[in-house]
Amino acid sequence: MSAISNKFLERRTNLKLRKNDASRKTVSYTEAKNIGILFTIENREKHEKVKSLIKTLKEDGKTVDVLCLLLPGKENYDFTFDYFTPKDFSFFGQVTSELVASFNDKEFDYLIYLDIQPDIFAENILANCRAKCRIGKFVNEQKSPFYELMIKTQETQDLQLFINEVYHYLKVLS
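A brief look at the structure comes next. (Residues numbered from 1 in each chain as written. Predicted model: local features only at pLDDT ≥ 70, side-chain atom pairs only at ≥ 80, totals over all residues. Heavy atoms only, no water.)

### Looking at the pairing of strand β5 (residues 133-137)
Here is step 1: Burial analysis of β5 places five of its five residues in the buried class, the great majority of the element.
Here is step 2: As judged from the three bridges shared by strand β4 (residues 110-113) and β5, these two strands associate in the parallel manner. By the bridge assignment, Ile112 is partnered in β5 with Ile135.
Here is step 3: Following the chain from β4 across helix α4 (residues 120-128) to the adjacent parallel β5, one finds a crossover that is right-handed.
Here is step 4: Alignment of β5 against strand β6 (residues 149-151), held across three bridges, turns out to be parallel. Opposite Gly136, over in β6, you have Met150 as the bridge partner. (Buried < 20%, exposed > 50% of the residue type's maximum accessible area, 1.4 Å probe, protein only. Helix = DSSP H or I, 4+ residues; strand = E, 2+ residues; numbered from the N terminus. Pairing = 2+ DSSP bridges. Right-handed = clockwise from strand over helix to strand, strands pointing away.)

Shown next as C-alpha cells:
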C-alpha cells in the first residue's frame, strides 16, 4: 500500500476506534467461551508458539478463531489459519474481505493480538471488532484505546514470554 493509502487506513481506523459501540467488558476466563487470536505471520517459530497457545486454550474448553496477517514476501507455513493481506483493504482504507468483516463481527469474549510491534492493518481490526475484551502488548500509552488489557513484559521482544504472560493474566481473570 502507498503512503497515501496508509493515511486513509489510519484515519478510518481512528474514526472506527471512536465510533465503535461494542460492549467492552472483561468477563472471567472460566465464563469465557469464544477467543479470537490475531497475529502477523513472520516465521515458523512464531507460528508454532501461537499453535501451542491455541492448543492450551482449546484444552481449557474455549472455542478459538484465528486470523493472520500475511505480508508480501512472507510464507504461510500452515494453511490451518484464515489469513488476510494488505490487498484486503481498499485504497481508502475500507475492508474489502468478507473474511476480515466476518472476524470483526464476531463477539469474542477475548481478542488476543500477539504481535510484539503493532501493525496498521491489525489495529484496524482491533478498532472495528466486537470483542468484549481486547488484549495486546504494551508498547506505549498512545495504543491504549485499542485494548482493555495491555501487558508489559520485561523482555520487550520475547514472544514466548508475552504469550506466557497473556495466559497468566487470562487465568487471573477467573
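### A few points about the pattern of salt bridges
Here is step 1: Enumeration over the complete set of coordinates arrives at ten salt bridges.
Here is step 2: Across the pair Lys46 and Glu42 runs a salt bridge, and its minimum N-O distance is 3.2 Å.
Here is step 3: The exposure class assigned to Lys46 is buried, which follows from its relative accessible area of 5%.
Here is step 4: With a relative accessible area of 37%, Glu42 lands in the partly exposed category. (Salt bridge = Lys/Arg side-chain N within 4 Å of Asp/Glu carboxyl O.)

### Considering α4
Here is step 1: Among the nine residues in α4, eight count as buried, and that is most of the element.
Here is step 2: Among the residues making up α4, those that are buried are Phe121, Ala122, Glu123, Asn124, Ile125, Leu126, Ala127 and Asn128.
Here is step 3: The N-cap residue of α4 is Asp119: its side-chain oxygen and the backbone nitrogen of Phe121 are 2.8 Å apart. (Polar contact = N/O pair within 3.5 Å; in protein donor to acceptor, adjacent residues only side chain to side chain.)

### Details of the pairing of strand β2 (residues 63-69)
Here is step 1: Counting buried positions over the seven residues of β2 gives five, a clear majority of the element.
Here is step 2: Pairing of strand β1 (residues 34-40) with β2, which is carried by seven bridges, proceeds in the parallel orientation. Bridging from a neighbouring strand, Leu38 pairs with Leu67 of β2.
Here is step 3: Crossover handedness for the path β1 to helix α2 (residues 44-59) to β2: right-handed.
Here is step 4: Bridge count between β2 and strand β3 (residues 82-84): three bridges; the pairing is parallel.

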